[in-house]
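This is what each chain is made of:
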Amino acid sequence: MEHHTCFHCGLNTKDSEILFDDKPFCCNGCKTVYEIFSANDLTCYYDLQKSPGSTPKEIEGKYNFLENEKIIEKLLEFNDGKTQIITLYIPNIHCSSCIWILENLNKLHSAVSSSIVNFGKKTIRITYNAETISLKDLVILLNSIGYEPFISLDDYGTSKKNIDRSLIYKLGFAGFAFGNVMFLSFPEYFEVNEFWLEQYKPLFRWLMFSYSIPVVFYSAQEYFISAFKGLRSKILNIDVPIALGVFVLFIRSTVEIIFDYGSGFFDSLTGLVFFLLLGKFFQQKTYTFLSFERDYKSYFPIGITKILPNGKEESIQVYDIEKGDRLLIRNEELIPVDCILIKGKAHIDYSFVTGESKTISKNSGDKLFAGGKQLDGSIEVDVLKSVEQSYLTQLWSNDVFKTDKEAVFTSITNKISKSFTIAILSIAFISTSYWLLIDSSKALNVFTAILIIACPCALALSAPFTFGNILRILGMKKFYLKNASVIEQLAKIDTIIFDKTGTITANKDTSISYEGLELSEDEESILKSTLRGSNHPLSRALYDLLNENNIVTLDTYEEHLGKGIEGKYKETQIKIGSAPFVGYATESVNLNTAVHVSTNNNYKGKFTFYNAYRKGLSQLFNKLKTHYDLVILSGDNEGEKENLTKLLPAKTKLLFNQKPEDKLEYIKYHQSEGANVLMIGDGLNDAGALAQSNVGIAISENVNVFSPACDAILDASKFNQLFGYIKITKTAIKIIKWSFLLSFIYNFIGLYFAVSGQLSPVFAAILMPLSSISVVAFTTLATNLAGKKLK
């Protein structure tokens, strides 16, 4: 029987009467799970599913400051008491395996719902359940698998990060040792038979050994730590073969000089670590230089209404919002910034942030978080801080809204990252066994060279860097994609469906006339107040047309998708929408688009809209017709059928009087027939159709239509460039295929020379990072050339 003391709580197992042998056991006091590696050695095994937070006291104490509520509030991006979101800076992110491990944190702890890595910034954005795991325990979890976050409260507010110079120091040590070991090895290289050199040969060998110690235990320590923590978490990362290669070289060389078998491989060992670190340094510089940071460098066409001090309203872009501004948030609009509710009834849906569809009521003076969606009419808010576009794009890319739209290249690279290490270790052991039988002097070099030369990064980084640059290029052209998988889907489409109102028609150029009974001043005021809450293109156009009126706070507001809107103020109820919705018999003569109005169920009249089509519409459809099936699905009547027939190619299908559910069913049917459908609509009224389609694009014209249903947002002014944007996605797929081919050729040739014993470990260490850099440079150059062809 063995008795041990728990590292976490100090409880002696003798007191808790635990009997344990060579199996894992749990402390009765704090439930920390341990695993025995030897009879007298008890090592903490961090079983997160059973005991989040179980870790040695010295590690836990390091993060005690994360129990302070004020500090936590500063660090968190979102906090509703249950769901919390935080972005952490992790210096140790350096390859595709790191990304795979960190984006699968939910497999290590069920409380983590999603984790998204920004490779260029070395950050991870984590959404987790605070009732199950605390922020402190989450940070300890990251530390336990080798990805300790850097948290500086002084720098957090300004987003400045201390420069991590540890890689430079390690590179300096390795370079110094490599140079000296090479110098001391010259007599061995040239087999000089000189008395004094022979006399001091043992000294030279022990000096080489002493130089290699800081190289192995300091310069190469990250590889060992990462490999150990990966194995402890049952993950085979890319650092495992590298650490194994360094370890074997060091042990073999040490044994040789102890028993005077030879001089060992200290020159290869120190050179290997030096060139690995040098490669990592140049990779970091390359990735920083080629950073595809779309959050700030790209055009993000989301508009918001600002209320000026004189009461007038103007539409501005979200990145022009400043602290202290008063904003108007309409029904179904996204709240783009943290703010204070000033006026109106707020019913906020935070499913955009948390994934949970739950409406929360807020009163005047309450704080509202960015990412919430207003569901009950319009509200006025005061801004607490300027907008962070990176936060909005992260919300949009949230895993919660990912569907089963398959990402082929992403799945390929994920499979490679998982299986690559196993394959390389197998090849290394088989080849080494062969050379031990044929020529044992080459066996160690072959083993080490194989472990070093084969690298999945060149292959795994092809798709991310190609897609990353395409996202940046399209963003600069005012076409904003949700994520990389949209590029893959867009390249495969064969059918394009357009909505009519607000999509192929230009709201700004639409003319409107009124026919009916004159509205009283109060009725007109309530009409404008009701229209104010809606984001429908016709509502916005009519709202801008009406004269200045006193805006009142409605008692009730409701929007009926595909039918109309209604509002009530005191004793007056107003309805705006289709003829049946307001209780008016369907018109039989005039087929133009019209919006009808009734007050207290008494019909007042109608506003007739005379559409103006977007510039370049006919030319765009003529370019698309030879490559795609084209369809117009409109909720309006057939009043514009004759005009559209003249404007559009003969094969274009025109379908009118389509309700939102009809559009969705039409897309479903064509998908069941094997079609890959692109739907282009207004983002709100077509949300169902956009979500059902393979790719959904929302047209933005100074409207805050920021819906998880759409995969892309296209600025209305760039509508006529759609064909070129689709074309570049096809080019991106070709570039990735070419870079995959280059990477496969590199790994095949490298492994051939390594397995055949013609490649030294040092030369392998030089070639490994060069492969990644060359593939990244190729994809960047190719995508930039493709981007120059866009207008």
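As a reminder, the structure under discussion sits directly above these lines.
Residues numbered from 1 in each chain as written. Predicted model: local features only at pLDDT ≥ 70, side-chain atom pairs only at ≥ 80, totals over all residues. Heavy atoms only, no water.

Peer 1: Hey, could you run me through the overall build of the protein chain in this one?
Peer 2: For the protein chain, the helix and strand inventory stands at 29 helices and 29 strands. Looking at the protein chain alone, contacts between residues at least 24 apart form 66% of all its contacts between residues at least 6 apart. Carbon and sulfur atoms make up 55% of the accessible area of the protein chain, which amounts to about 35600 Å² in all. (Helix = DSSP H or I, 4+ residues; strand = E, 2+ residues; numbered from the N terminus. Contact = heavy atoms within 4.5 Å. Areas by Shrake-Rupley, 256 points an atom, 1.4 Å probe, with all protein chains shown as cover.)

Peer 1: Please explain the pairing of strand β18 (residues 495-499) as it appears in this structure.
Peer 2: The side chains of a regular strand alternate, residue by residue, between the two faces of the sheet. Here β18 lies mainly inside the structure; 5 of its 5 residues are buried. Here β18 shows two buried faces, one formed by T495, I497 and D499 and the other by I496 and F498. When β18 meets strand β25 (residues 629-633), the two strands line up parallel, connected through 5 bridges. Directly across from I496, in β25, lies its bridge partner L630. Direction of pairing for β18 relative to strand β27 (residues 677-681): parallel, over a ladder of 4 bridges. Note on β27: the bridge partner recorded for F498 is I680. (Buried < 20%, exposed > 50% of the residue type's maximum accessible area, 1.4 Å probe, protein only. Pairing = 2+ DSSP bridges.)

Peer 1: Would you take a moment to explain the packing of helix α20 (residues 484-492) against helix α28 (residues 722-755) for this structure?
Peer 2: Pairs of packed helices are described in terms of their axes, by the angle between the two and the distance that separates them. Relative orientation of the contacting elements α20 and α28 amounts to 105 degrees, with a least axis distance of 8 Å. The orientation of α20 with respect to α28, classified from their angle, is roughly perpendicular. Contacts between α20 and α28 involve I487, E488, L490 and A491 from the first element and I726, T729, K730, A732 and I733 from the second. (Axes fitted to C-alpha atoms, helices over the stretch in contact; angles between N-to-C directions. Parallel < 35°, antiparallel > 145°, perpendicular 65-115°, else oblique.)

Peer 1: How do you make sense of the pattern of salt bridges when you look at a structure like this?
Peer 2: For the structure shown, the criterion picks out 12 salt bridges. Put simply, R252 and E256 hold a salt bridge, and the shortest N to O gap is 3.1 Å. With R252 and E256 both in helix α11 (residues 239-258) and 4 residues apart, this pair spans about one turn of that helix. The class of E256 is buried, set by a relative accessible area of 11%. Residues participating in the shared-partner salt-bridge network are E313, R326, E380, D382 and R532. (Salt bridge = Lys/Arg side-chain N within 4 Å of Asp/Glu carboxyl O.)

Peer 1: Would you mind showing me how to read the packing of helix α21 (residues 521-532) against helix α22 (residues 537-545) here?
Peer 2: One can describe the packing of α21 onto α22 by two numbers: an axis separation of 9 Å at closest approach and a directional angle of 140 degrees. Taken as axis vectors, α21 and α22 run oblique relative to one another. Helix-helix and strand crossings are classified by hand; for α21 and α22 the assignment is left-handed. Here K528, L531 and R532 of α21 lie close against α22, whose contacting residues are S539, L542 and Y543. Classifying every residue of the contact of α21 with α22 gives 3 nonpolar, 1 polar and 2 charged. (Left-handed = near helix turned anticlockwise from the far one by under 90°. Nonpolar A, V, L, I, M, F, W, Y, C, P; charged D, E, K, R; others polar.)

Peer 1: Explain the sheet that holds strand β15 (residues 373-374) to me, please; I cannot follow it from the model alone.
Peer 2: Two pairing modes exist for strands in a sheet, parallel and antiparallel, and in both the strands are linked by backbone hydrogen bonds. In space, the 3 strands of this open sheet follow the order β13-β12-β15, with antiparallel pairing throughout. The open sheet has two free edges, formed respectively by β13 (359-362) and β15, since each of these has just one partner strand. Sheet topology note: the strand β12 (residues 346-349)/β15 ladder contains 2 bridges and is antiparallel. By the bridge assignment for β15, I348 is matched with Q374.

Peer 1: What's the story with a positive patch on the surface in this structure? I'm lost.
Peer 2: On the surface, a cluster of positive charge is made up of K727, K730, K734, K737 and K789. With respect to the helices and strands, the residue K734 is situated in helix α28. Relative accessible area serves as the criterion here: at 56%, K734 is assigned to the exposed category. (Patch = residues over 30% accessible without salt bridge, like charges linked within 9 Å, V, L, I, M, F, W, Y side chains within 5 Å. Lys, Arg positive; Asp, Glu negative; His and termini not counted. Charge placed at Lys NZ, Arg CZ, Asp CG, Glu CD.)

All we've got here are geometric facts, nothing functional implied.
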